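Listed below are the residues making up each chain.
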Amino acid sequence: MLTSRHLLGAFAALTASLALFYPAGQSPHRSGGGESGGTSCPLGYGRRDDTDARLPSPHVPGYSDPFAFPLARVFANATIWTGDATIPFAEAMAVTDFGKVMAVGSRAAVVAAAGADAPVISLEGRHVIPGMQDAHLHLVSGGFRLTQLDLSKCTGKADFVAATKAAAESLDSNDGDGSTWLLGGGWDESRWDPPSFPDASWIAEALAETKFPARPVWVLRADAHAGLASLSALAAANVDETALDPPGGSIGRVAGTNRPNGLIRENAIGLITAAIPEPSDEQRIAAYRRAFRYLLSLGITSVSDFGDIDALAGSFRKGAAERVWRDFDILQSLDDSGGLPLRVSAYAPLADWERVRDHAKRGFFEDGDTRGDGDGSLSRFRVAGCKAFLDGSLGARTAWFQDPYEDDPGNTGGPVCDVDEYEARVVAADAAGLQIATHAIGDAAVAAAVSAAERSAAANGAVAANHDGGSVRFRIEHAQHMPLPVERSAGRLADVGALASVQPSHALLDAFAASGRLGARRARDGGYSFRSLVQRGVPLAFGTDWPIVADANPFFTMRAAVTRHERNASDVARPWDDAQALTPRRALEAYTAGSARASGTAGLLGTLWRGAMADFAVLDKDPLGIASGTDLPRVLATYVDGACVFGEGPECARVGSDGDF
């Protein structure tokens, strides 16, 4: 059935053609036609038999003829990167009041398409790109982290203790009995000297002189695959010397004893998070809104949301992540009330794939016709697919490798789920038309994810036309360490039609640990093999995994893909093969059209071409110059559906209310 989305796209092409080829001596929306002269509007304005052919302009404020063509505004005086390979740059763009791109090109052609009396907004010579789409993050966790203890800047024990003490003292002033948990994260022992893991004694030292030294504390490692709990937090979670390691997880022990030392890894994390008082819905909504504001300030207009980090440990068990489903209800309510300022493609645990299949918001964003609005707009929340974990992380030594860790010879990591059960679920979910995203960091995990995709493709045949993922049935999340040789394993991904959803800033996060964990050759030859993936035809999508990476800035991530290391990095922090670097253009494509492809929204999102949603960011400098200079591009304004949702300067042309968020 044709919807307003299809009709509007056809109409935009028609009006652009008429504007380009019809005489433009005067506006056809102002003059009557006929034999006496002037131009007769091919769209019906000023018909020859009109008594008064001077019709009101549809660009006049308050004009409400329901049969008039969509009102449009022109954004001009800009360098617009369209994301379209045939015409990559333009100087102007027309946007309808329905929030879709009507025309792009030269100013003259775009004004002709929009109508000579369409309002023109000057973007002051700035650079414009399609709205960035973060292909992998955790929305509500990021919103909470913005107000929690940040340990990402710590360089060792002294910093860790001082920061934790300061945060505890801040809580003391507002907490009557010391029962409020101190939460945070971001610590990374691989950057410390010496690079040793912390234990609960560090927290005890930090809180010793505070008002409530027994306050429960829980702080995640930077990769969120390990965390540190205080003794009081362990007690609240009933984790003592009698506690057993859960499947796919481990409880750190004091050497020579069974007493927990505070270090918790992988699925054991759920033991701690289950003891933390759950925030109210109001607190969660506030966290979401903080996340929205932060992401919009970075030019991010769409995200693939993989849920609350605290709810995901042990999510290989059916029904174990109920919090994720309640958050879906919150996001849907925000969308229904107009309080969702960016687009959210949400993923639920693969263990619950039947609930994804049956969810009311499963599939593509609903348009106005489906919702009954009839205005051509799209909803902003959808359930896009399923997510599974196969392994952990390199830093926590829980990523699953084919060979043992260099610095832990008896350890290859391992799967955090039953692999046979995982494969069976992949086949079943794929047969139901659901997209499957699989967390796979170590080379053995990547190989297992590809094997499951191959088994599913063999069982279910070619991708169905109505598959939720569009052309992408399988996403490999992270794909950090490819099985060697990389070219062969990349070819397997390409052959099965899998997409690599990668986070280049993770390469910086792991840089200090990689050579020690894997040895120099294995880290160099298999790590973050972006160029090899592209050369073998594997689509790339970029994201950050925020708040795993503390900074969700997409330009920081792009630069990591282009430079492969931090500025002025020492030799020990340069483990990756520079030949795997991407060009700035390829990195920008991965963050726009690539991420749209990953979420099944290609065509409507990720480009600024006719018929696409008018989601875009206005920048102060060329994003393709990301590798030169020290300053990253700064976002001056962010637009969603053609409306400015972030920005205060002349680049932000606000029309009406942008909602309460």
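Residues numbered from 1 in each chain as written. Predicted model: local features only at pLDDT ≥ 70, side-chain atom pairs only at ≥ 80, totals over all residues. Heavy atoms only, no water.

A. Summary view of the overall build of the chain. When you go through the chain residue by residue, the secondary structure sums to 20 helices and 22 strands. The buried share of the chain, taken over its 661 residues, is 58%. At a minimum sequence separation of 6, the contacts of the chain that also span at least 24 residues come to 71%. Accessible surface for the chain amounts to roughly 25300 Å². Of this, 51% is attributable to carbon and sulfur atoms. (Helix = DSSP H or I, 4+ residues; strand = E, 2+ residues; numbered from the N terminus. Buried < 20%, exposed > 50% of the residue type's maximum accessible area, 1.4 Å probe, protein only. Contact = heavy atoms within 4.5 Å. Areas by Shrake-Rupley, 256 points an atom, 1.4 Å probe, with all protein chains shown as cover.)

B. Structural view of the sheet that holds strand β16 (residues 435-440). Spatially, the eight strands line up as an open sheet ordered β6-β13-β14-β15-β16-β17-β18-β19, and their pairing is parallel. The open sheet has two edge strands with one neighbour each: β6 (132-137) and β19 (540-542). Averaged over all adjacent pairs, the angle separating strand axes in this sheet is 25 degrees, with direction ignored. This element, helix α19 (residues 584-591), spans β6 and β19 of the sheet and lies at about 75 degrees to β19. (Pairing = 2+ DSSP bridges. Axes fitted to C-alpha atoms, helices over the stretch in contact; angles between N-to-C directions.)

C. How the structure looks around the packing of aromatic side chains. Scanning all chains against the criterion turns up 19 aromatic pairs. Here the aromatic rings of Trp 187 and Trp 192 are separated by 6.2 Å at their centres, their planes lie at 35 degrees, and the arrangement is tilted. Aromatic pair Phe 530 and Phe 542: ring centres 6.2 Å apart, planes at 55 degrees, arrangement tilted. Placement of Phe 530 in helix α17 (residues 530-535) and of Phe 542 in strand β19 is noted, with a sequence separation of 12 residues between them. The exposure class of Phe 530 is buried, given its relative accessible area of 2%. Its relative accessible area of 0% is what places Phe 542 among the buried residues. These aromatic residues form a ring-pair network of at least three members: Phe 160, Trp 187, Trp 192, Phe 197 and Trp 202. A cation sits over an aromatic face here: Arg 382 above Phe 365, 5.3 Å from the ring centre. The positively charged end of Arg 564 is found above the aromatic ring belonging to Phe 530, 5.5 Å away from the centroid. (Phe/Tyr/Trp six-rings, centres within 6.5 Å; stacked < 30°, edge-to-face > 60°. Lys NZ or Arg CZ within 6 Å of the ring centre and 35° of its normal.)

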